[in-house]
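Examination of the molecular architecture
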Amino acid sequence: MTSQPPSYPYAAPASEAWFERASAVIPGGVNSPVRAFRSVGGTPRFMASATGPYLTDVDGREYVDLVCSWGPMILGHQHPTVLEAVHEASRRGFSYGTPSENEVLLAEAIVNRVEPVEQVRLVSSGTEATMSALRLARGFTGRSVVVKFAGCYHGHVDALLAHAGSGVATFALPDSAGVPASSAGETIVLPYNDVRALEETFARRGDEVAAVITEAAPGNMGMVPPAPGFTAALRRTTREHGALLISDEVMTGFRASAAGWYGLEGPTVHGSPDLFTFGKVMGGGFPAAAFGGRRDVMAHLAPSGPVYQAGTLSGNPVATAAGLATLRGCTPAVYERLEQAAHAIADGVTAELSAVGVAHTIQWAGSMFSVFFREGPVLSYADAQGQDTAAFGRFFHSMLSQGVHLPPSAYECWFVSAAHDDAAVDRVLAALPAAARAASAEDARIGA
Ligand SMILES: *Cc1c(COP(=O)(O)O)cnc(C)c1O
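Residues numbered from 1 in each chain as written. Predicted model: local features only at pLDDT ≥ 70, side-chain atom pairs only at ≥ 80, totals over all residues. Heavy atoms only, no water.

As a further point, take unusual backbone geometry. Between alanine 302 and proline 303 the backbone carries a cis peptide bond, its omega angle lying at 10°. Topologically, proline 303 is positioned in the loop between helix H10 (295-298) and helix H11 (317-329). Cis peptide bonds are those with omega within 30 degrees of zero, and the linkage from glycine 376 to proline 377 qualifies with -5°. Structurally, proline 377 is set in the loop between strand S12 (368-372) and helix H13 (381-384). Within the chain, cysteine 68 stands out as a residue other than glycine whose phi angle is a positive 50°. (Helix = DSSP H or I, 4+ residues; strand = E, 2+ residues; numbered from the N terminus.)

Following this line, the structure appears as structure tokens:
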């Protein structure tokens, strides 16, 4: 076996040409690392358009989209009411640099859905949301240390790029260059789902800890939901030591359920998180994100309080119109369809991988799931790293060659939308047998 990428059954000449041009003027040819196909090999597809559950690339090839922009496109691409809301908002101007109505409506929509969130501040990316939540927690507590968990990704915030998942997992970087030791030095990284490690850390350094930040149900090392009692242990330990608990729902928010992972797990016996972060779905495909929580904590933000935080495009009227229309469109029927489509696909994956003897396990958080190419259960980042990423790469390319666009990494969730109807799901199911054979390496030729 070599680490050469497999030979592909068809070329993507227009994508290849664009990728070459891109690579001349954009580092690595992409504006976010996981878009490059580094871990699976080959050339990323340049997309020209998207409708419903489908993407069309610059070569004119259509794919069933199982990335959904990494979560935001929960209603499918170009959903008519979101499209209309964006048209309507943009006809009234793109950005005012003043308060505007949609900001209030979107903030209300978030506060109404997630019970412990009393106030939110809107920002433009999940990274900004977690970065600002950390600053607020430090300002509120007057402490500096932050505890995070290995495999949890919270955006590319300096202090949180230690043992992060997502693209960092894909590239197996333990850390990022350019993050000062002083910044990483304020971060304690613990194994996920390990209550003893948490308690030992707090016993030693609890009075220095400003906050514990965790993905509500980690989805950036593949889906690793909290073991029963883990979230409660986080809440109990932080409360006992006067630290805040920040629940990062950028990925799970408004997707795992209408109220995100919180809607599924509810308050723990020791209470709810103090702060939450949101992004992805709440922007409907536009740059919009938020952090929020307890009113007394949020009161520490400028202009009311001493913790500075700002943004030229924060609460942008077009982005908030898209987010608001998306949240309003997330009816119970939408979540029902997400579950149906996700389970139909996951059942197919299990059946076909089992038929050819490929070790795998599928883990869930509501309608969100990921496929690990190893036996389960996967409880931590160390467990996730035990998977057969080469098998995933062969599987990925077979699916791609058959018109199914999966996340190009074994460490990512697969995303469906409410627009994934039976026809789209059937296309995925039809591609699975050959992809499973490719994963098992029984077929030398990918996509056979
Ligand atoms: C995507 C993600 C982020 C970062 O959001 P960006 O908008 O990419 O900056 C933060 N936390 C979690 C859990 C995410 O999934």
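Okay, the sheet that holds strand S2 (residues 54-57) next. Taken in spatial order, the four strands make up an open sheet running S1-S2-S3-S13, and their pairing is mixed. Of all strands in the sheet, those with a lone pairing partner are strand S1 (47-51) and strand S13 (404-405), marking the two edges. In this structure, S2 lies alongside strand S3 (residues 62-65), joined through three bridges in antiparallel fashion. Residue pairing in the sheet places leucine 55 in a bridge with tyrosine 63 of S3. (Pairing = 2+ DSSP bridges.)

This next bit is on the UniProt feature "modified residue: N6-(pyridoxal phosphate)lysine" (unreviewed entry) in the protein. Per the UniProt annotation, the sites labelled "modified residue: N6-(pyridoxal phosphate)lysine" (unreviewed entry) are Lys280. Classification of lysine 280 by relative accessible area gives partly exposed; the value is 26%. Setting aside chain neighbours within four positions, we find lysine 280 in contact with Trp70, Pro72, Val250, Met251 and Ala288. (UniProt positions renumbered as here; feature names shortened; annotations may be inferred. Buried < 20%, exposed > 50% of the residue type's maximum accessible area, 1.4 Å probe, protein only. Contact = heavy atoms within 4.5 Å.)

Taken together, Ser125, Gly126, Thr127, Tyr153, His154, Gly155, Glu215, Asn220, Asp248, Val250, Met251 and Lys280 make up all the residues around the ligand. When the ligand sits alone it has 380 Å² of accessible area, and the protein chains cover 83% of it. Counted by class, the shell around the ligand contains three nonpolar, six polar and three charged residues. (Near = heavy atom within 4 Å. Areas by Shrake-Rupley, 256 points an atom, 1.4 Å probe, with all protein chains shown as cover. Nonpolar A, V, L, I, M, F, W, Y, C, P; charged D, E, K, R; others polar.)

With that settled, the discussion passes to the pairing of strand S9 (residues 275-278). Here S9 shows two buried faces, one formed by Leu275 and Thr277 and the other by Phe276 and Phe278. In the sheet, strand S8 (residues 244-248) pairs with S9 via three bridges, with the strands oriented parallel. Following the sheet pairing, isoleucine 246 is matched in S9 by leucine 275. Tracing the backbone out of S8, into helix H9 (residues 260-265) and back to the parallel element S9 gives a crossover that is right-handed. (Right-handed = clockwise from strand over helix to strand, strands pointing away.)

Another aspect to go through is the nonpolar core. Grouped together as the largest cluster of nonpolar side chains are 67 residues, with contacts concentrated most on Ile110 and Phe395. The element that contributes the greatest number of residues to this core is helix H12 (residues 332-355), accounting for nine residues. Ignoring sequence-local partners within four residues, the contact set of phenylalanine 395 consists of Leu353, Phe373, Leu406, Trp414, Leu432, Ala435, Ala436 and Ala439. Counting 25 residues, the second-largest nonpolar core is a separate cluster that includes Val147, Leu190, Leu234 and Val378. (Core = buried A, V, L, I, M, F, W, Y, C linked by side-chain atoms within 4.5 Å.)

The strand order across the open sheet built from seven strands is S4-S10-S9-S8-S7-S5-S6, with neighbouring strands paired in mixed fashion. If you trace the sheet from one side to the other, it starts and ends with strand S4 (119-123) and strand S6 (187-190), each paired once. Taking the axes of each pair of neighbouring strands and ignoring which way they run, one obtains an average angle of 20° across the sheet. Relative to strand S10 (residues 289-293), S9 runs antiparallel, the two being bridged by four bridges. From the neighbouring strand, phenylalanine 278 faces S10, where its bridge partner is alanine 290. Running at roughly 125° to S4, helix H3 (residues 101-113) makes contact with S4, S9 and S10 of the sheet. (Axes fitted to C-alpha atoms, helices over the stretch in contact; angles between N-to-C directions.)

A few words on the side chain of asparagine 220. Along the chain, asparagine 220 turns up in the loop between strand S7 (209-215) and helix H8 (230-240). Residue class for asparagine 220 comes out buried when judged on its relative accessible area of 4%.

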